[in-house]
Amino acid sequence: MKAIRRFTVRPVLPEPLRPLSDLARNLRWSWHAETRDLFQSVDPERWTASEGDPVRLLGSVSAERLAELAEDSRFLRRLTEVAGDLADYVGGDRWYQTQSGELPAAVAYFSPEFGVTAALPQYSGGLGILAGDHLKSASDLGVPLIGVGLLYRHGYFRQSLSRDGWQQETYPVLDPNELPVALLREEDGSPAQVSIALPGGRSLRARIWLAQVGRVPLLMLDSDVEENDLGARGVTDVLYGGGSEHRLLQEMLLGIGGVRAVRTYCRLTGHPDPEVFHTNEGHAGFLGLERIAELCDAGLDFDAGLEAVRAGTVFTTHTPVPAGIDRFDRELVATHFGPDAELPRMDVGNILRLGMETYPGGEPNLFNMAVMGLRLGQRANGVSLLHGQVSREMFSGLWPGFDPEEVPITSVTNGVHAPTWVAPEVFRLGARQIGAQRTEDAMTVGGSDRWDAVAEIPDQDIWELRRDLREQLVVEVRERLRASWRQRGAGSAELGWIDGVLDPDVLTIGFARRVPSYKRLTLMLRDRDRLMDLLLHPDHPIQIVVAGKAHPADDGGKRLVQELVKFADDPRVRHRIVFLPDYGMAMAQKLYPGCDIWLNNPLRPLEACGTSGMKAALNGCLNLSVLDGWWDEWFQPDFGWAIPTADGTGTDPDHRDDVEAAALYDLLEQRVTPRFYERGQDGLPDRWIEMVRQTLTLLGPKVLAGRMVREYVERLYAPAAHAHRTMTPDAARELAAWKGRVRAAWHGVTVDHVETSAATATAELGTTLNLRVRVGLGGLAPDDVEVQAVSGRVDPEDRIGDATSVPLKPVGGPDAEGHWLFEGPLALDRTGPYGYTVRILPAHRLLASGAELGLVAVPSEDAVEGAGVLMR
C-alpha cells in the first residue's frame, strides 16, 4: 500500500548526546575527518547505509544504541572534544580577522547552485561545486560571507542507463526535513518568508532554509509552500529545468527574493549587513534591481541608485560561450516588472536598459543576464587568466572604442577546497611529515607558493600511497559497475566478469565532467584500434574510468554517452574501460585520488577553468590536458603533459579532432605509459614519483580555494567595500549627474590637432619628445576628462601593442574657439617600430576605470597628419 502522506520522525537524543545534533547540522562535518569518524563510530553499518550523512544516520539509529552511547565515557570524551573544536572553529579568529585595512563587514554571495556535500544535492556541475568550495574556504579563512541560493525539491536529476546505454533521468523528491537544513523563523516561531509580485495580482512566496557551512550561513529559498498556487509552488522544482518563464521566475526569486532573504536573516540574527554583493554568474543579476529599489525608497533616483549599487557589486562570469548565458525575450521581462508586477515604482525602461544587447553584434530584442551583471557590477572577473582574456573579447561590444585588453574584466583563477577533495590517506601522509595542524593550514589558508615539505617524503611512501588509492578505486568501480548493470536489467549470473574489472597495478586514467559537446567525451574513441592497443598493451596497458551527465534536453550529449558506453560494453575491453553513471560529489571524492592521470580535452578556449584536474592534482594525480582554463596558466613539463591543439580558425572541426586525438595517443604511447612502467634501481618508477612530488610541491598551493578566496578579498571585495563606503547618497547623485552630463556632451569631444617636436620619422632610444594636442571638450571642463598619449611597439598595420598611457596636462585656458591645449612628454623607451596616438577618456574620482562609461574620443585622420609613427 502507498502512504497518503509522509513525514520525518526525528530521534530524541539523550541529554549527553545533544551536541551530536549541532555537529550534524553544521556541514563542516563534510570536510572534517574527526567529525565524520565520530559519527561513523555511532553505528558503522548504518553510517555506510546512510551514505555518510549524519542527519540520516541519527534518524535511523536505534534508541537502545543511543542509550548505550550516552553511558560510554570514551565516546562522550570524543564528542566533547569534537564539539569543542567546532565551537573554536566557529567563534575564534581566523585569517580574515588578522588582516589590516578596510575589509567588508559582510559579503553576500549569490549562486543558482551550491555543491557543499552529496547530502545536500543542490548542484549540477562545476559552477555549483565551485560555489560550495567558495563558501567552505570563506569559512576556513573567517570571511564573513552569506551564501544565497534556491532549494530545489528535486535537485538535479539522477542518471542511470538503459540496457542499450541511453541516459535515463529520474528526479527523486527531496524532503527538506531530511536534509541538513533548518527553517529560518521569525521571533514568534513562524517560518520567515519573502514574497515576489507576479503579473495579474498573483504572488510568489518562499520560505528560507538555512544550511550552516562552518561559519558561513547558506540561505536557500523554497517556493513549495501552501500559500502559493500550483504554478508558483513549482518554481523551485528542478535545477536548470523548465522553459523561459520558469527560468526567469527562478532568477527573480534568487536575485530579488535573495536580497530580501538576506535582509530578513540579518534582522533576525544581528549579522552585519553585506557591504559587497557577489553575483556568481548572471543568474542572480536581478539582485541589483532590488538594491536599487531599496535606495529609491530611501530617496535616491534610479541613476543615483544604480551608481551606489554598482560600487559594491562584484560579478563573476563563468562561461566562454554566448550560448551558456541566460537570455530572455524583452517582452517577457517587461511583463514581470512595473506597475502590475514586481518593483512597481521602477520604470520598466530603466530595467530593460540594463540587460538589452544594444551593442554591435548583439540582438537588440534580447535581455542578457550576463550583460546586466556587467552593467550592475563595477568589478567583474573571469575564472582563469585565459578566460579573462576570452571574456574581455566576448563582451568588448559593451566598451566600444577600447581594445579588448582594456575592457574592465579581470580574472581570479578558480581553486578547490583541499579538505573536501584530498583523500584522508594523503592528509595523513602530510600530517606525518609536518604535523596535522600545519598540514591543515597549508591546505586551507595556503599562502606559500610551494609545499617544500613534500620533498622530504620518501619515494617508497609516495608509491605505496598511490597504489593504495588505486586499489580503493578498483573496489569502488566494481561496486558501482555491478549496481549499474543491475539497473540495466542484467542478472547476477551475467556479471561474474566484473570481479576482473580494472587492475590496481595498471596505469589508471580518469575523465569525469558534464557532457556538452565542447568537452569532447568521445575524443578518445576517434581511432578505436589505437585505443584498444593502448588498453590491451601486453607490457604497458592503460585503464580508463569515465563518468558524466548530459543535460536532460541535450540529445547530442546523450548520444556521446551512449557511444562511449557501447565501446565500454565490448567484452574485449570492458575490464579496461568503464563508464560509471550518476556522477556526483560522492563518486568524485573516490575518483580523483585513485587515478594516476586526469584527462581533459576540451575545445580550446571553451573551458573557462576546469577545476576537476585541480582536485586530482591535490591527490598526486598528474594532468594530461589541452592548454585551456587553469592548465594554460600553470602547466609545466615537470608535472604533466599538454595535448597540442589544432585551433586555427580555418581548421575543419573533424580534422581538428583527428589531429588532437592522434596527439593524445602519441603522448600516451611514447611518453606517459613508458614513464609509469619504467623502474629505477630500487624497483620504483622514480621519474613518475618525481612528477607526483612536483605536482604536490608546485601546483598544490596554487590550486587551493583558500588562495582564490584570499584573492577575491584583496583584489575585489576590499576595493568594492571601499567604493561602497565612498559612494554616499550625495556622492551617488553627483556621479550620476556627472555621467549624464558627460554622455550628453560627448558628441562634441574631439581631438583636433596633434603635433610633436620630432623632426623626422626616426629617433634615438632615450629621446623625450614634447607632444601638443588641441582638443574640443563640447562644453565639458578639463577636469571632466583625461587626455592621454598612448604609445608602444606597433605591428605592420600600425596597431599599438603592450601600450603605455601617459596623461597630458592642460596649458592655459580655452582659445577664442573654445578649444583647449594639452601638453606632455613622450619618452621613447623602446627600440624598433614604435608609435603613439592620443585619446580622450571621461575622468572622475569615483570611476573604477577610465573605460567604465565606454566613451573614448580619438584623432580624426586630419588631426593625425604630421603626428606620425616614430622609430620605423
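Structure shown above.
Residues numbered from 1 in each chain as written. Predicted model: local features only at pLDDT ≥ 70, side-chain atom pairs only at ≥ 80, totals over all residues. Heavy atoms only, no water.

1. Looking at empty space enclosed by the protein
With the rule as written, the count across this model stands at 7 cavities of 30 Å³ or more. Leu481, Trp485, Ala568, Asp569 and Phe579 are the residues nearest the centre of the largest cavity, which is lined by 13 residues in total. Put simply, the parts of the chain that give the lining of the largest cavity at least two residues each are helix 19 (459-487), helix 21 (555-568) and strand 17 (577-580). A per-class count over the lining of the largest cavity returns 9 nonpolar, 1 polar and 3 charged. For the second largest cavity, the full set of lining residues is Pro112, Leu150, Tyr152, Tyr240, Arg247, Gln250, Glu251, Leu254 and His283. Ranked by the residues each element gives to the lining of the second largest cavity, the list is headed by helix 9 (residues 244-269), at 4 residues. (1 Å grid on protein atoms, 1.4 Å probe; cavity = no way out; pocket = protein on both sides within 12 Å on 5 of 7 lines; lining within 4 Å. Points joined across faces, edges and corners; volume = space filled by probe spheres on them. Helix = DSSP H or I, 4+ residues; strand = E, 2+ residues; numbered from the N terminus. Nonpolar A, V, L, I, M, F, W, Y, C, P; charged D, E, K, R; others polar.)

2. Concerning the sheet that holds strand 17
Within the open sheet, the 6 strands sit side by side as 17-16-15-18-19-20. Their pairing is parallel. The outermost strands of the open sheet, each flanked by one partner alone, are strand 17 and strand 20 (640-643). Geometrically, the sheet is characterised by an average inter-axis angle of 20° between neighbouring strands, direction not taken into account. Sheet topology note: the strand 15 (residues 507-512)/strand 16 (residues 542-547) ladder contains 6 bridges and is parallel. Of the residues in strand 16, the one forming a bridge with Gly510 is Val545. Packing against the sheet, helix 26 (residues 686-699) makes contact with strand 15, strand 18 (597-600), strand 19 (622-626) and strand 20, and its axis sits at approximately 80° to strand 19. (Pairing = 2+ DSSP bridges. Axes fitted to C-alpha atoms, helices over the stretch in contact; angles between N-to-C directions. Contact = heavy atoms within 4.5 Å.)

3. Describing the layout of surface pockets
Here the second largest pocket defines a volume of roughly 850 Å³. Surrounding the second largest pocket, 31 residues form its lining, Arg310, Arg375, Arg743, Glu852 and Leu853 being those nearest its centre. Only helix 11 (302-311), helix 13 (348-355), helix 14 (369-376), strand 13 (379-382) and helix 28 (729-745) provide two or more residues apiece to the lining of the second largest pocket.

4. Here we look at the state of the cysteines
Per the stated rule, a full pass over the model turns up 0 disulfides. Cys621 takes part in no disulfide bond, and the closest cysteine sulfur to it belongs to Cys595, at a distance of 5.6 Å. (Disulfide = S-S within 2.5 Å.)

5. Description of unusual backbone geometry
Of note, the bond from Arg604 into Pro605 is cis; its omega dihedral lies within 30 degrees of zero at 5°. Here Glu51, not a glycine, exhibits a phi torsion of approximately 55°, which is positive. A positive phi angle, close to 65°, is found at Asp582, a residue other than glycine. Position of Asp582 relative to the elements: it lies in the loop between strand 17 and helix 22 (585-594).

6. Quick notes on the packing of aromatic side chains
Inspection of every chain in the model, using the stated rule, returns 20 aromatic pairs. Between the aromatic rings of Phe110 and Phe277, the centroid separation amounts to 6.1 Å while the plane-to-plane angle is 35°, which identifies the pairing as tilted. Of the two residues, Phe110 is situated in strand 1 (residues 107-110) and Phe277 in strand 9 (residues 276-280); the sequence distance between them amounts to 167 residues. Take Phe110: its relative accessible area is 0%, and that puts it in the buried class. For Phe277, a relative accessible area of 1% corresponds to the buried category. These aromatic residues form a ring-pair network of at least three members: Trp463, Trp641, Phe676, Tyr677 and Trp688. Positioned above the aromatic ring of Trp463 is the side chain of Arg470, whose terminal nitrogen or guanidinium carbon lies 5.3 Å from the ring centre. Taking the ring centre of Trp485 as reference, the NZ or CZ of Arg488 above it sits at 4.1 Å. (Phe/Tyr/Trp six-rings, centres within 6.5 Å; stacked < 30°, edge-to-face > 60°. Buried < 20%, exposed > 50% of the residue type's maximum accessible area, 1.4 Å probe, protein only. Lys NZ or Arg CZ within 6 Å of the ring centre and 35° of its normal.)

7. Focus: the pairing of strand 23 (residues 785-794)
By the criterion of burial, strand 23 is predominantly enclosed, with 8 of the 10 residues buried. In the sheet, strand 23 pairs with strand 27 (residues 834-842) via 9 bridges, with the strands oriented antiparallel. The residue of strand 27 that forms the bridge with Gly792 is Gly835. Of the strand pairs in this sheet, strand 23 and strand 24 (residues 800-807) are connected by 6 bridges, and their pairing is antiparallel. From the neighbouring strand, Val794 faces strand 24, where its bridge partner is Ile800. Here strand 23 folds back onto strand 24 in antiparallel fashion, the turn holding 5 residues, of which Asp798 has a positive phi close to 70°.

8. Focus on helix 7 (residues 126-141)
The terminal C-alpha atoms of helix 7, which comprises 16 residues, lie 22 Å apart, in line with the 22 Å expected from a rise of 1.5 Å per residue. Burial of helix 7 is extensive: 15 of the 16 residues sit out of reach of the surface. Of the residues flanking the end of helix 7, it is Gly142, one or two places downstream, whose phi is positive at about 80°. (Expected span 1.5 Å × (residues − 1).)

9. Describing the environment of Glu607
Tracing the sequence through the fold places Glu607 in the loop between strand 18 and helix 23 (612-617). A sequence separation of 475 residues divides Glu607 from Gly132, and the C-alpha atoms of the two residues are 20 Å apart. Among residues more than four places away in sequence, those in contact with Glu607 are Pro320, Arg513, Tyr518, Lys519, Asn600, Pro602, Asp628 and Gly629.

Any functional reading would require information that these geometric values do not contain.
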